[in-house]
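# Overview (structure and organization)
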Amino acid sequence: MPLFSMKIKHKLPLLAILLSVVPVLFLSVVMLHVSRETSLRSYRMILSDQAQASAQHLSSLYIAQKNGLVYASRLEIYRKYLTALRAGDTASGAALRESVEDLQRVAVATDESINRIILTDINARVVACSDGNCIGTSMADYPAYYQAVARHSDAYQMLSTKRGKAVLLGYPVTDNDGRMLGVILRELSLTDIKDYVTDLRIGQSGYLFVLDRGAEPLTNTAAIHDALDRALQTNDTLRALARDTQNGTVSTRDPFMRYSLGGQATVAACSVVPAIGWVTVAAVPENEINHSSTVATRIFLLTALCTGLVSLGSALWLVRTITAPLGTLIENINIVADGQLDHTVEERRRDEFAQVYDAVNLMARRLSMSYSQLSAAARTDVLTGLANRKAVYEIMERDFSAHSAAFMLDLDGFKEVNDCYGHDSGDGVLIAVAEVLRTLEYPGACAARLGGDEFFVFFAQYDNALSVVSTAYKLCEDICTICAVNDCEIMISASIGIAFAVAEDTSYQRLLKKADLAMYEVKKSGKSGVYVYPDAPKKLQE
């Protein structure tokens, strides 16, 4: 029968065969050949990204500890103690040693990754130690000591301690003229790194390991560690990686590699930890990649065959029953995409499209909820739960009038709390101040944290200027009652600048600037008080 003389009901099934079954079968054959390489490329990308991300994570851990050590090396108490010892002033040295070791013990207690802190004089003799066990011993043979002295910079080495492997990090202590006084060292446990390596999962059976500069591995299980130890001695690829790690030349090699571990072919990618020269290696067995590609191929082939058979028997029915509801679906999705997240698909059906419509409705509801949550989070200070700068500025822009007022509040003594007790206590102070601000008994007052230790209170509509000032004084008194945070005794106060809107103020920015200027007047006059910007209402001036 000639093709052109065939009826449409016969042409459509034939067309379905030509357009679906034959191409799908052809693609299935091609898929068998290309799926493995595709899976391999995907896994290589995943492994490369994971190795680089892990390297950056380890680098940030090291830099954080190094920055803490640099900060500690500049503390005046260390300089005074080492200067007294260098001058032979044993009386002053003995008086300062207890304070130095107390400071070291506080640092160890507040950071679980620090095993102990050691301070040496210029002759490498230990003159202070957080655990008091090594006073008088010499650190001259420790690379972390003599490299820090030689470089006038940070230096580290690996240690084997009773607690396991550790890192000894050193940094020179100098006087104000840059003359060497000694070296401060931190012995750091590898617990955080081991936990990170242990918790990381790559695919179903992939893993991460780290090589230090001595090519010693840190792995997530004893079995992998033992197998890796053997492979680093016997496998040519891993031996080359270990050699490049020791020589610091990993960055010049191809980051991708194949090796055998425990008789299992493995694909891996490596990356250098920028700060310390360690190497992170993300690896996954090849059989997982092959399994992934095989499963994908089988699923694709089965889906293709099913699709071909269904399309062959249902071509005419699909034309009649799919086009209309699909058009309705697209129309409703476009409505949601245009921002009408409260839109609901009202089409009543009993087939699969009903589930799709329900999914669209669910998607719209979840998008609406996510938008609301993101909008709220973008306007809330994470630490204190108060409104943030963006939120309070939006409120001021909306509600500002000639009857508005504002406080600009800055904490006095907050820097000393941070310096003496650490940022955890500083955060505790900010939270405590936020709780005080929440108790403001003034209708319509909006309290916000602008950043650091700076807070702001906006009164959209005040009834009485004196009551606003009284509220500021009470706020000052309440903040002064905060005397302990995290079991640490503290002493803080507040400098508050008050500004009232006047007829000449055409925007909230002017009110904000006046409150800021008033607050700095308090700072200049000795801190801890209240100052009202001079253009306040006449009744208040009187």
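Before reading on, note that the structure itself is shown above.
Residues numbered from 1 in each chain as written. Predicted model: local features only at pLDDT ≥ 70, side-chain atom pairs only at ≥ 80, totals over all residues. Heavy atoms only, no water.

### What about the sheet that holds strand β1 (residues 114-121)?
Spatially, five strands are ordered β2-β1-β5-β4-β3 in an open sheet, and the strand pairing comes out antiparallel. Taken across any chain shown, the strands that pair with only one partner, and hence form the sheet edges, are β2 (126-129) and β3 (155-161). For this sheet, the mean angle separating the axes of adjacent strands, direction not counted, is 25 degrees. Here helix α2 (residues 76-86) sits on the sheet in contact with β1, β2, β4 (164-174) and β5 (180-189), set at roughly 125 degrees to β5. (Pairing = 2+ DSSP bridges. Helix = DSSP H or I, 4+ residues; strand = E, 2+ residues; numbered from the N terminus. Axes fitted to C-alpha atoms, helices over the stretch in contact; angles between N-to-C directions. Contact = heavy atoms within 4.5 Å.)

### Details of helix α11 (residues 414-421)
Residues of α11 that are buried: Phe414, Val417 and Asn418. The arc that holds every buried residue of α11, seen down its axis, measures 95 degrees, which confines them to one face. Across α11 from its buried face, at more than 90 degrees, point the exposed residues Lys415 and Cys420. Its buried side turned inward, α11 meets β11 (405-412) and α12 (423-438). Trailing α11 by a residue or two, glycine 422 shows a phi angle of about 95 degrees, which is positive. (Buried < 20%, exposed > 50% of the residue type's maximum accessible area, 1.4 Å probe, protein only. Arc of directions from axis to C-beta.)

### Examining the pattern of salt bridges
Throughout the structure, instances matching the rule amount to 24 salt bridges. One salt bridge in this structure joins aspartate 535 and lysine 514, with 2.7 Å as the shortest N-O distance. Within this pair, whereas aspartate 535 is found in the loop between β17 (529-532) and α15 (538-541), its partner lysine 514 is found in helix α14 (residues 508-524), the two being separated by 21 residues in sequence. Counted as one network, the salt bridges with shared partners bring together Asp505, Arg510, Lys514 and Asp535. (Salt bridge = Lys/Arg side-chain N within 4 Å of Asp/Glu carboxyl O.)

### What about the nonpolar core?
Within the largest apolar cluster, 44 residues are counted, with the highest numbers of intra-cluster contacts made by Leu47, Leu119, Tyr156, Ile184, Ile193 and Trp278. The element best represented in this core is helix α1 (residues 8-73), accounting for 10 residues. Once you skip the residues sitting within four places of it in the chain, isoleucine 184 turns out to touch Leu69, Ala72, Ser73, Tyr78, Ile117, Ile118, Leu119, Leu169, Gly170, Tyr171 and Val173. Val433, Tyr442, Ile482 and Ile496 belong to the second-largest nonpolar core, a separate cluster that totals 37 residues. (Core = buried A, V, L, I, M, F, W, Y, C linked by side-chain atoms within 4.5 Å.)

### Let's talk about the pairing of strand β8 (residues 256-261)
Of the two faces of β8, the one lined by Met257, Tyr259 and Leu261 is fully buried and the one lined by Phe256, Arg258 and Ser260 carries no buried residue. For β8 and strand β9 (residues 264-272), the ladder comprises six bridges, and the chain directions are antiparallel. Counted as the bridge partner of serine 260 is alanine 265 from β9. The loop that links β8 with its antiparallel partner β9 comprises two residues; one of these, glycine 262, has a positive phi angle of about 60 degrees.

Read these as layout, nothing more, since geometry by itself doesn't imply function.
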